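Okay, here's what each chain looks like letter by letter:
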Amino acid sequence: MDDPLLRELQRFHDDYFPRHQQRFQDLVAQGQHPTTLFIGCSDSRLVPYLLTGAGPGELFMVRNVGAFVPPYDGSQGLHGTMAAIEFAVLNLEVAHIVVCGHSHCGAIRAAYDGVPEQAVALRAWLKLASDAVLPVRPSPEALRRTEQRAVELQLQRLMDYPMVRERVDAGRLALHGWHYVIESGEVHVFDAEQGGFVPAAQATSSGTGPYLPWVEPPTPFAGA
Ligand SMILES: [Zn+2]
(Lines give C-alpha, C1' and ligand atoms only; values in the text may rest on other atoms or scores of the structure.)
Protein backbone atom coordinates (compact mmCIF):
# COMPACT_ATOMS: atom_id res chain seq x y z
CA MET A 1 0.00 0.00 0.00
CA ASP A 2 1.36 3.36 -0.96
CA ASP A 3 1.11 5.73 1.99
CA PRO A 4 2.28 9.22 0.92
CA LEU A 5 3.04 10.31 4.47
CA LEU A 6 5.16 7.22 5.15
CA ARG A 7 6.98 7.84 1.91
CA GLU A 8 7.78 11.41 2.97
CA LEU A 9 9.04 10.26 6.37
CA GLN A 10 11.40 7.90 4.64
CA ARG A 11 12.53 10.61 2.24
CA PHE A 12 13.32 12.92 5.15
CA HIS A 13 15.37 10.21 6.85
CA ASP A 14 17.21 9.07 3.74
CA ASP A 15 17.69 12.34 1.90
CA TYR A 16 17.41 15.48 4.06
CA PHE A 17 18.67 14.19 7.39
CA PRO A 18 22.07 12.86 6.28
CA ARG A 19 22.90 16.24 4.75
CA HIS A 20 22.09 18.08 7.99
CA GLN A 21 22.88 15.43 10.55
CA GLN A 22 25.56 17.43 12.33
CA ARG A 23 23.21 20.38 12.78
CA PHE A 24 20.54 18.22 14.39
CA GLN A 25 23.05 16.49 16.62
CA ASP A 26 24.53 19.81 17.73
CA LEU A 27 21.03 20.98 18.60
CA VAL A 28 20.61 17.91 20.77
CA ALA A 29 24.04 18.20 22.41
CA GLN A 30 23.83 21.95 23.02
CA GLY A 31 20.06 22.26 23.31
CA GLN A 32 17.90 24.65 21.36
CA HIS A 33 18.59 28.38 21.50
CA PRO A 34 16.09 29.92 19.12
CA THR A 35 16.06 33.72 19.17
CA THR A 36 12.52 34.06 17.86
CA LEU A 37 9.05 33.04 18.97
CA PHE A 38 6.85 32.86 15.88
CA ILE A 39 3.10 33.07 16.54
CA GLY A 40 1.44 32.27 13.23
CA CYS A 41 -1.95 31.36 11.87
CA SER A 42 -2.46 27.64 11.30
CA ASP A 43 -3.27 28.30 7.64
CA SER A 44 -1.43 25.81 5.42
CA ARG A 45 -0.37 28.54 3.01
CA LEU A 46 1.71 30.30 5.63
CA VAL A 47 5.14 28.64 5.66
CA PRO A 48 7.26 30.42 8.29
CA TYR A 49 10.51 28.66 7.38
CA LEU A 50 10.24 29.88 3.80
CA LEU A 51 9.43 33.46 4.82
CA THR A 52 12.23 33.79 7.35
CA GLY A 53 14.84 31.48 5.88
CA ALA A 54 15.07 29.79 9.26
CA GLY A 55 16.19 26.23 9.69
CA PRO A 56 16.19 23.73 12.53
CA GLY A 57 16.67 25.32 15.94
CA GLU A 58 15.90 28.86 14.86
CA LEU A 59 12.16 29.37 15.34
CA PHE A 60 10.16 28.46 18.41
CA MET A 61 6.71 28.22 16.96
CA VAL A 62 3.14 28.29 18.13
CA ARG A 63 0.35 28.30 15.61
CA ASN A 64 -3.36 28.61 16.08
CA VAL A 65 -6.44 29.68 14.18
CA GLY A 66 -5.89 33.35 13.37
CA ALA A 67 -2.48 33.78 15.10
CA PHE A 68 -4.25 35.06 18.19
CA VAL A 69 -2.83 35.78 21.63
CA PRO A 70 -5.22 35.04 24.49
CA PRO A 71 -5.55 37.70 27.18
CA TYR A 72 -3.09 37.24 30.01
CA ASP A 73 -4.99 36.40 33.14
CA GLY A 74 -2.26 34.91 35.30
CA SER A 75 -4.38 31.81 35.79
CA GLN A 76 -3.21 28.24 35.63
CA GLY A 77 -5.62 27.44 32.87
CA LEU A 78 -4.80 24.94 30.15
CA HIS A 79 -3.81 27.28 27.40
CA GLY A 80 -1.25 26.15 24.86
CA THR A 81 -0.53 29.53 23.31
CA MET A 82 -0.11 31.21 26.68
CA ALA A 83 2.20 28.41 27.85
CA ALA A 84 4.28 28.70 24.68
CA ILE A 85 4.71 32.45 25.18
CA GLU A 86 5.79 31.95 28.79
CA PHE A 87 8.21 29.17 27.85
CA ALA A 88 9.74 31.12 24.96
CA VAL A 89 10.24 34.27 27.01
CA LEU A 90 11.15 32.87 30.41
CA ASN A 91 13.02 29.67 29.53
CA LEU A 92 14.40 30.29 26.07
CA GLU A 93 14.76 34.06 26.52
CA VAL A 94 13.92 34.80 22.92
CA ALA A 95 14.81 38.27 21.66
CA HIS A 96 11.95 38.53 19.16
CA ILE A 97 8.27 37.67 19.01
CA VAL A 98 6.67 37.69 15.57
CA VAL A 99 2.88 37.67 15.25
CA CYS A 100 2.09 36.73 11.66
CA GLY A 101 -1.35 37.00 10.11
CA HIS A 102 -2.05 36.74 6.41
CA SER A 103 -4.34 37.56 3.50
CA HIS A 104 -7.49 35.49 2.91
CA CYS A 105 -7.47 34.38 6.54
CA GLY A 106 -10.37 32.05 7.25
CA ALA A 107 -10.39 33.05 10.91
CA ILE A 108 -10.91 36.71 10.10
CA ARG A 109 -13.54 35.85 7.51
CA ALA A 110 -15.32 33.70 10.11
CA ALA A 111 -15.25 36.61 12.55
CA TYR A 112 -17.72 38.26 10.11
CA ASP A 113 -19.59 35.22 8.80
CA GLY A 114 -19.86 33.07 11.91
CA VAL A 115 -19.05 29.38 12.36
CA PRO A 116 -21.05 26.13 12.40
CA GLU A 117 -23.23 25.53 15.44
CA GLN A 118 -21.00 22.69 16.65
CA ALA A 119 -17.85 24.80 16.63
CA VAL A 120 -18.16 25.94 20.22
CA ALA A 121 -14.45 26.41 20.89
CA LEU A 122 -13.89 28.14 17.56
CA ARG A 123 -16.69 30.61 18.21
CA ALA A 124 -15.20 31.53 21.59
CA TRP A 125 -11.68 31.72 20.12
CA LEU A 126 -12.72 34.11 17.34
CA LYS A 127 -13.77 36.63 19.99
CA LEU A 128 -10.03 37.34 20.26
CA ALA A 129 -10.41 39.22 16.96
CA SER A 130 -13.72 40.91 17.68
CA ASP A 131 -12.12 44.27 18.50
CA ALA A 132 -10.51 44.21 15.05
CA VAL A 133 -13.78 43.64 13.19
CA LEU A 134 -15.03 46.72 11.33
CA PRO A 135 -18.68 47.79 11.23
CA VAL A 136 -18.85 47.34 7.48
CA ARG A 137 -19.59 44.62 4.96
CA PRO A 138 -16.59 42.29 4.64
CA SER A 139 -15.21 43.51 1.32
CA PRO A 140 -11.73 42.36 0.32
CA GLU A 141 -10.36 45.70 1.53
CA ALA A 142 -12.19 45.46 4.85
CA LEU A 143 -10.96 41.91 5.37
CA ARG A 144 -7.36 42.95 4.64
CA ARG A 145 -7.63 45.82 7.08
CA THR A 146 -9.20 43.56 9.69
CA GLU A 147 -6.42 41.00 9.30
CA GLN A 148 -3.90 43.75 9.97
CA ARG A 149 -5.89 45.21 12.86
CA ALA A 150 -6.03 41.73 14.38
CA VAL A 151 -2.23 41.52 14.32
CA GLU A 152 -2.00 44.88 16.10
CA LEU A 153 -4.49 43.65 18.67
CA GLN A 154 -2.40 40.58 19.44
CA LEU A 155 0.72 42.75 19.86
CA GLN A 156 -1.19 44.84 22.38
CA ARG A 157 -2.25 41.70 24.23
CA LEU A 158 1.33 40.47 24.28
CA MET A 159 2.27 43.67 26.10
CA ASP A 160 -0.17 42.65 28.86
CA TYR A 161 2.02 39.62 29.60
CA PRO A 162 4.22 40.86 32.47
CA MET A 163 7.28 38.92 31.32
CA VAL A 164 6.90 40.39 27.83
CA ARG A 165 6.36 43.97 28.95
CA GLU A 166 9.35 43.88 31.32
CA ARG A 167 11.68 42.74 28.58
CA VAL A 168 10.32 45.07 25.93
CA ASP A 169 10.68 48.00 28.31
CA ALA A 170 14.24 46.90 29.08
CA GLY A 171 15.09 46.68 25.36
CA ARG A 172 15.70 42.94 25.51
CA LEU A 173 12.71 41.83 23.49
CA ALA A 174 11.30 43.14 20.22
CA LEU A 175 7.77 42.60 18.94
CA HIS A 176 7.06 42.23 15.25
CA GLY A 177 3.62 42.37 13.61
CA TRP A 178 3.52 40.88 10.13
CA HIS A 179 0.82 40.49 7.52
CA TYR A 180 1.74 38.02 4.79
CA VAL A 181 0.06 38.53 1.43
CA ILE A 182 -0.08 35.04 -0.02
CA GLU A 183 -0.75 36.02 -3.62
CA SER A 184 2.12 38.52 -3.91
CA GLY A 185 4.66 36.84 -1.65
CA GLU A 186 5.05 40.07 0.24
CA VAL A 187 5.08 40.59 3.98
CA HIS A 188 3.83 43.90 5.31
CA VAL A 189 5.32 44.79 8.65
CA PHE A 190 3.73 46.86 11.38
CA ASP A 191 5.52 50.13 11.91
CA ALA A 192 4.51 51.71 15.20
CA GLU A 193 6.01 55.07 14.25
CA GLN A 194 3.96 55.26 11.06
CA GLY A 195 0.99 53.62 12.79
CA GLY A 196 0.38 51.11 10.03
CA PHE A 197 1.67 48.31 7.90
CA VAL A 198 4.30 48.92 5.25
CA PRO A 199 5.67 46.50 2.67
CA ALA A 200 8.84 44.84 3.92
CA ALA A 201 10.68 46.20 0.88
CA GLN A 202 9.98 49.77 2.06
CA ALA A 203 10.43 49.16 5.77
CA THR A 204 13.49 50.15 7.74
CA SER A 205 12.86 47.53 10.41
CA SER A 206 10.75 44.43 10.77
CA GLY A 207 10.05 45.39 14.35
CA THR A 208 7.43 47.58 15.91
CA GLY A 209 8.83 51.09 15.93
CA PRO A 210 10.69 51.88 19.12
CA TYR A 211 11.62 48.34 19.88
CA LEU A 212 14.70 46.45 18.82
CA PRO A 213 15.40 45.97 15.14
CA TRP A 214 15.55 42.49 13.75
CA VAL A 215 18.96 40.87 14.15
CA GLU A 216 20.31 37.91 12.32
CA PRO A 217 20.12 34.71 14.34
CA PRO A 218 23.59 33.98 15.74
CA THR A 219 23.94 30.75 13.83
CA PRO A 220 22.24 31.20 10.47
CA PHE A 221 21.24 27.91 9.02
CA ALA A 222 22.69 27.39 5.60
CA GLY A 223 19.43 26.27 4.06
CA ALA A 224 18.23 22.98 2.80
ZN1 LIG B 1 -5.42 32.52 8.94
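Residues numbered from 1 in each chain as written. Predicted model: local features only at pLDDT ≥ 70, side-chain atom pairs only at ≥ 80, totals over all residues. Heavy atoms only, no water.

1. Things to note about the packing of aromatic side chains
Logical step 1: By the definition in use, this model includes 10 aromatic pairs.
Logical step 2: For the ring pair Phe12 and Phe17, a centre distance of 6.4 Å and an interplane angle of 50° mean the geometry is tilted.
Logical step 3: Taking the relative accessible area as the measure of exposure, Phe12 reaches 38% and is therefore partly exposed.
Logical step 4: For Phe17, a relative accessible area of 23% puts it in the partly exposed group.
Logical step 5: Geometrically, the ring pair formed by Phe12 and Phe24 is edge-to-face, given 6.2 Å between the ring centres and 80° between the ring planes.
Logical step 6: Among the aromatic residues, ring-to-ring pairing joins Phe12, Tyr16, Phe17 and Phe24 into one connected group. (Phe/Tyr/Trp six-rings, centres within 6.5 Å; stacked < 30°, edge-to-face > 60°. Buried < 20%, exposed > 50% of the residue type's maximum accessible area, 1.4 Å probe, protein only.)

2. Overview of empty space enclosed by the protein
Logical step 1: Summed over the entire model, instances satisfying the criterion amount to 1 cavity of 30 Å³ or more.
Logical step 2: Around the largest cavity sit Gly66, Ala67, Val99, Gly101, His102, Cys105, Ile108, Glu147, Ala150, Val151 and Gln154, which together line it.
Logical step 3: Among the elements of the structure, β3 (96–102) and α6 (140–158) are those that each provide at least two residues to the lining of the largest cavity.
Logical step 4: Among the residues forming the lining of the largest cavity, the class breakdown is 6 nonpolar, 4 polar and 1 charged. (1 Å grid on protein atoms, 1.4 Å probe; cavity = no way out; pocket = protein on both sides within 12 Å on 5 of 7 lines; lining within 4 Å. Points joined across faces, edges and corners; volume = space filled by probe spheres on them. Helix = DSSP H or I, 4+ residues; strand = E, 2+ residues; numbered from the N terminus. Nonpolar A, V, L, I, M, F, W, Y, C, P; charged D, E, K, R; others polar.)

3. Here's the deal with the sheet that holds strand β5 (residues 186–191)
Logical step 1: The mixed open sheet is built from 6 strands, whose spatial order is β2-β1-β3-β4-β5-β6. Strands at the two margins of the open sheet, each flanked by one partner only, are β2 (59–64) and β6 (196–199). Direction aside, neighbouring strands of the sheet carry axes that sit 25° apart on average.
Logical step 2: Where β3 lies against strand β4 (residues 174–181), 7 bridges are found, and the strand directions are parallel. (Pairing = 2+ DSSP bridges. Axes fitted to C-alpha atoms, helices over the stretch in contact; angles between N-to-C directions.)

By themselves, these are just geometric observations and shouldn't be taken as functional.
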